[in-house]
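# Chain and residue survey
Single-letter residue listing:
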Amino acid sequence: MKRFLFMVVVISMFVWVGNVWAITITYTADNITNTWYVQSEMAAAQNLSAGDNRGNWQIADTAVMKLAPASNFSLVWSVSNFGAYSSGNPAGFLAQIDLGNGSTLLTDTSWFYSVNGGNSADFNADGWNWQAATGYGYNGGDNIWTNVKGSAVEGISTDAQWIWSEDNFAEGTQENLFLRVDVATTPVPEPGTLLLLGSGLVGMALYRRRSV
């Protein structure tokens, strides 16, 4: 019996420590999301699928990622604009990132852009020349994207901002760039993990009681 209680305690603690952090990412781009990446603070970038909205910014893609807890991550999208880039054909990127702890990244204050990227797979290395992204109206607000679609992009908060470089709407500026947001994770146990941890704590108490 003592051995059983001890194993419950050990397994519970192992699951608690090894629990992952889940975030939900919903995004689209005018006009195309070429690809996107995730990079941890200790590992090289991982290339991920661009999603079904490739070439159609009027619909959104959603991805759920499970990341290691207590780590810093960079999420980077490579995006492009179709046609001659001009004041009448601006580019934009729209995203909602739910961090799983009740907070959400929605506005330009969380984002950075790089015009031509760096020579390193490390997005935080010198050469990427990241600059603060600029907001160009909210999803469903009075802006060029809503005027074309006629409504907000479904699945993304109306508090989310379309973002791009500071030169958007100008003639002959960037048609392609990278957009980056940094995420710091904190473990949030799932209900099953909490139940197992509680069982472990009860088992520890009983184990100690029987040992006295």
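Use the structure listed above.
I will try to describe carefully the structure that is included in this document.

The rules behind each value
Residues numbered from 1 in each chain as written. Predicted model: local features only at pLDDT ≥ 70, side-chain atom pairs only at ≥ 80, totals over all residues. Heavy atoms only, no water. Pairing = 2+ DSSP bridges. Helix = DSSP H or I, 4+ residues; strand = E, 2+ residues; numbered from the N terminus. Buried < 20%, exposed > 50% of the residue type's maximum accessible area, 1.4 Å probe, protein only. Contact = heavy atoms within 4.5 Å. Polar contact = N/O pair within 3.5 Å; in protein donor to acceptor, adjacent residues only side chain to side chain. Core = buried A, V, L, I, M, F, W, Y, C linked by side-chain atoms within 4.5 Å.

### Quick word on the sheet that holds strand β5 (residues 72-80)
Picture the strands of a sheet paired through backbone hydrogen bonds; they go either parallel or antiparallel. On the basis of which strands lie adjacent, the open sheet formed by six strands has the order β3-β2-β5-β12-β8-β9 and antiparallel pairing. The outermost strands of the open sheet, each flanked by one partner alone, are β3 (46-48) and β9 (131-132).

### Description of the pairing of strand β2 (residues 32-40)
The buried fraction of β2 amounts to eight of the nine residues, a majority that puts the element mostly inside the structure. Sheet analysis places β2 next to β3, joined by three bridges and oriented antiparallel. What sits directly across from Trp36, in β3, is Leu48.

### Overview of the environment of Leu106
By the secondary structure assignment, Leu106 is in the loop between β7 (104-105) and β8 (111-114). With 52 residues separating them along the chain, Leu106 and Thr158 place their C-alpha atoms 9.2 Å apart. For Leu106, the residues in contact, after removing those within four places along its chain, are Ala95, Gln96, Ser157, Asp159, Ala160 and Gln161.

### Brief notes about the side chain of Thr146
Relative to the elements of secondary structure, Thr146 occurs in helix α2 (residues 144-149). Engagement of the side chain of Thr146 in a polar contact is seen with the backbone oxygen of Gly141, the distance being 2.8 Å.

### Overview of unusual backbone geometry
The step from Asp30 to Asn31 runs through a cis peptide bond, and the omega angle for that step is 10 degrees. For Asn31, the position within the fold is in the loop between β1 (21-30) and β2. Even without a glycine there, the phi angle at Asn129 is positive, about 55 degrees. Assignment of secondary structure puts Asn129 in the loop between β8 and β9. For Asn129, a relative accessible area of 56% gives the class exposed.

### Concerning the pairing of β8
Here four bridges tie β8 to strand β12 (residues 176-184), and the two strands are oriented antiparallel to one another. By the bridge assignment, Ser114 is partnered in β12 with Phe178.

### Here's the deal with the side chain of Asn168
Tracing the sequence through the fold places Asn168 in the loop between β11 (161-164) and β12. For Asn168, the side chain forms a polar contact with the main-chain oxygen of Ala91, separated by 2.5 Å.

### Quick notes on the nonpolar core
Ranked by internal contacts, the top residues of the largest apolar core, which has 38 residues, are Leu75, Trp77, Phe93, Ile97 and Trp111. When contributions to this core are tallied by element, the ones reaching two or more residues are β1, β2, β4 (61-67), β5, β6 (92-98), β8, β11 and β12. The element that contributes the greatest number of residues to this core is β1, accounting for five residues. In this structure, Ile97 is in contact with Ile23, Thr24, Ile25, Leu75, Trp77, Ser103, Thr104, Leu105, Trp111 and Val181, ignoring residues within four places of it in sequence.

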